[in-house]
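# Architecture at a glance
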Amino acid sequence: MANTAGSTRLSYITFKTKHANLYSITLVTILCTIFYLAGMWQHSPGAIRAATSPSSILTFVPCSSTSAKASTNLNLDFSAHHQAPDPPPTLARVTYIPPCDPKYVENVPCEDTHRSLKFDRDRLIYRERHCPEKTELLKCRVPAPHGYTVPFRWPESRQFAWYANVPHKELTVEKKNQNWVRFQGDRFSFPGGGTMFPRGADAYIDDIGKLINLKDGSIRTAIDTGCGVASWGAYLMSRNILAVSFAPRDTHEAQVQFALERGVPALIGVMASIRLPYPSRAFDMAHCSRCLIPWGQYDGLYLIEVDRVLRPGGYWILSGPPVNWESHWKGWNRTTEDLKSEQNGIETIARSLCWKKLIQKKDLAIWQKPTNHVHCIANRRVFKKPRFCKAQDPDMAWYTKMETCLTPLPEVSNIKEIAGGQLTKWPERLNAIPPRVNRGAVDGVTAEMFREDTALWKKRVTYYKSVDYQLAQPGRYRNLLDMNAYLGGFAAALVDDPLWVMNTVPVEAKINTLGVIYERGLIGTYQNWCEAMSTYPRTYDLIHADSIFSLYKDRCEMEDVLLEMDRILRPEGSVIIRDDVDILVKIKSITDGMEWEGRIADHENGPHQREKILFANKKYWTAPAPDQNQGTHTAR
């Protein structure tokens with residue numbers, strides 16, 4: 001009985017406990033439901049107004065006055081918050097940059113003909129680079145001439161250029177009998193002639209090809225001194241030879257500008273007192289066709305400079321006075337004694353540089369630089385001058401004074417060895433490890449780094465073409481500029497397209513890599529981007545700038561660099577700028593004021609990289625017609 005009573009009492013207690021738990025669960029569920037519904041009602045717009053009105057049935061009692069204010073002002077926000085924050089208002093504000101006066105349509109700040117008159121005329125020093133002071137810089141956009149038209153596409157551009165783009169007829173009169181350029185209606189035509197090649201540049205190059213081998217890939221880079229309209233360089237391209245042509249801004253008005261309109265690499269330049277802006281051992285071939293450079297004067301200073309930029313085993317080609325003076329002295333209006341003396345002077349200097357005269361046939365003479373200086377060091381006992389340069393960086397060439405001393409070639413172990421290393425023939429030369437890298441002559445650059453950089457830029461250019469469909473369209477762009485070329489990877493990735501790239505190495509760069517670029521069979525120049533480039537407005541169809549604004553962040557104004565880019569970019573040309581996202585936001589605010597159309601895109605590796613890419617296009621606009629108000633400009 002006791003066990004039965006205990007069991008009954010335990011069952012009662014268990015039953016009571018179960019009922020109590022059930023009541024508690026039911027009560028909690030009801031309360032939660034009430035509070036949930038009340039919460040929804042309180043946070044609805046109507047409820048909030050009702051809750052704060054005197055007639056509300058339920059009074060909302062906050063935990064504090066602060067939370068009450070936050071609750072009553074609560075707005076549900078379902079937008080994403082993982083994107084980069086908007087720039088501060090001070091950065092986002094766009095400042096309009098106006099067009100310059102139409103008189104500046106051909107403005108070349110560092111080659112200004114009026115400023116040049118202040119400088120010494122001896123040795124043409126006044127035609128060297130003389131840049132404006134900071135207070136003289138234009139803070140406006142250089143216009144294109146009225147009627148400007150997008151240039152012809154290559155290869156048609158080799159023969160034609162629009163008159164409106166280069167409105168100068170002087171050369172058509174001055175060089176009428178030499179077939180430089182002709183004016184036909186709304187355009188110029190270029191028959192390919194020159195002072196010393198009246199049959200045309202193609203036939204002239206064929207004549208050179210009979211004397212030295214232009215077909216086996218051993219000659220890839222060339223320099224044309226005093227280039228005229230650059231027909232020699234234009235017709236070398238069909239032979240896979242890339243020439244840099246230069247000439248001063250002189251009485252032959254717009255000769256370099258004509259070259260650029262034709263789609264031929266060219267720069268404004270002169271041989272005067274400072275070195276040419278190229279590294280040592282850069283060119284496989286140098287050329288002068290009646291270029292009027294006084295080779296025999298100033299102790300052979302200018303031939304010594306040619307020797308510096310020629311690679312070991314490279315060629316120097318001379319046509320025009322005094323070559324073949326016996327046949328031409330009457331037409332040149334000079335005495336036989338004078339011409340013979342000039343030729344003897346050149347021959348003597350060439351021998352003192354240890355050059356070998358290969359051949360002189362009719363109007364052509366060709367010399368070859370030695371492949372090393374083993375014999376040259378020995379013959380200094382005979383030729384007391386020029387002496388070898390001492391403690392000199394042969395690749396330093398930015399406002400560096402020329403010297404009448406011979407640039408020594410890298411040492412060799414035997415007389416058959418090529419100083420600096422053997423270059424691979426083109427086209428294998430492009431991706432072969434450059435001798436400077438193999439020898440460890442470029443600080444911090446190894447063969448493996450070179451290979452990685454080449455692969456990286458192939459990937460990057462593929463990405464560029466997926467974003468900028470015009471770059472992917474062969475022939476859309478012809479003249480390209482890389483403002484910070486490093487090892488030339490950008491240009492190398494585009495080598496199969498019908499275009500050329502001027503690879504610039506900033507003089508402020510930590511490593512001087514321009515010699516590597518030339519050893520790859522590409523071309524380029526040194527440049528300080530705080531100054532204007534020695535080229536005409538509207539030179540380039542596309543400008544590529546990799547980290548250039550980070551490099552010049554504390555050196556000069558971002559706006560000045562962008563205005564220089566705008567000056568040398570054609571209407572409807574494109575720009576690709578890679579840099580840190582914060583810098584690109586600032587750049588974008590300035591380019592908006594320059595009326596460029598652009599957008600910032602993600603890095604090729606995705607959105608989580610700080611480095612971004614700005615793709616931009618310069619709008620078409622020109623100076624007004626002569627009879628229009630100068631405050632207006634033509635756009636489309």
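All figures in this text were calculated on a predicted structure; none of them were measured in a lab.

Successive residues of a regular strand alternate their side chains across the two faces of the sheet. Where burial is concerned, most of strand β10 (residues 364-368) is hidden: four out of the five residues are buried. Where strand β8 (residues 310-319) and β10 come together, five bridges link them in antiparallel fashion. Looking across to β10, one finds that Ser-319 is bridged to Leu-364. Linking strand β9 (residues 356-361) back to β10 in an antiparallel pair, the connection comprises two residues, with Lys-362 at a positive phi of about 55°.

In total, this model carries 19 aromatic pairs according to the counting rule given. Pairing Phe-283 with Tyr-518 gives two aromatic rings, centres 5.0 Å apart and planes at 70°, and the pair type is edge-to-face. A residue pair is termed long-range when its members are at least 10 positions apart, and Phe-283 in strand β7 (residues 283-289) and Tyr-518 in helix α17 (residues 514-519) qualify at 235 residues. What makes Tyr-518 buried here is its relative accessible area of 0%. One aromatic cluster is present, built from ring pairs that chain together Tyr-163, Phe-183, Phe-188, Phe-190 and Phe-258. We note Arg-121 situated over the ring of Tyr-126; from NZ or CZ to the ring centre the distance is 4.5 Å. Sitting over the face of the ring of Trp-154, Arg-478 holds its NZ or CZ atom 3.8 Å from the ring centroid.

For the rest of this paragraph, the subject is the pairing of strand β12 (residues 500-506). The buried fraction of β12 amounts to seven of the seven residues, a majority that puts the element mostly inside the structure. Burial along β12 is two-sided: the residues Trp-500, Met-502, Thr-504 and Pro-506 and Val-501, Asn-503 and Val-505 are all buried. Pairing of strand β11 (residues 479-482) with β12 involves four bridges; the strand directions are parallel. Bridge pairing in β12 places Asn-479 opposite Trp-500. Strand direction decides the pairing type here: β12 and strand β13 (residues 523-527), joined by five bridges, are parallel. Residue Val-505 lies in a different strand from β13, and its bridge partner there is Tyr-526. As a crossover connection, the stretch from β12 through α17 into β13 is right-handed.

This part is about the packing of helix α19 (residues 558-568) against helix α20 (residues 581-593). The geometry of α19 relative to α20 is characterised by a closest axis approach of 10 Å and an angle of 60° between their N-to-C directions. Relative to α20, α19 is oriented oblique. For α19 against α20, the interelement crossing comes out right-handed. Mapping the contact onto sequence places Met-558, Glu-559 and Leu-562 in α19 and Ile-583, Lys-586, Ile-587, Ile-590 and Thr-591 in α20. Of the residues belonging to the contact of α19 with α20, the class tally is five nonpolar, one polar and two charged.

Calculation criteria
Residues numbered from 1 in each chain as written. Predicted model: local features only at pLDDT ≥ 70, side-chain atom pairs only at ≥ 80, totals over all residues. Heavy atoms only, no water. Buried < 20%, exposed > 50% of the residue type's maximum accessible area, 1.4 Å probe, protein only. Helix = DSSP H or I, 4+ residues; strand = E, 2+ residues; numbered from the N terminus. Pairing = 2+ DSSP bridges. Phe/Tyr/Trp six-rings, centres within 6.5 Å; stacked < 30°, edge-to-face > 60°. Lys NZ or Arg CZ within 6 Å of the ring centre and 35° of its normal. Right-handed = clockwise from strand over helix to strand, strands pointing away. Axes fitted to C-alpha atoms, helices over the stretch in contact; angles between N-to-C directions. Parallel < 35°, antiparallel > 145°, perpendicular 65-115°, else oblique. Left-handed = near helix turned anticlockwise from the far one by under 90°. Contact = heavy atoms within 4.5 Å. Nonpolar A, V, L, I, M, F, W, Y, C, P; charged D, E, K, R; others polar.

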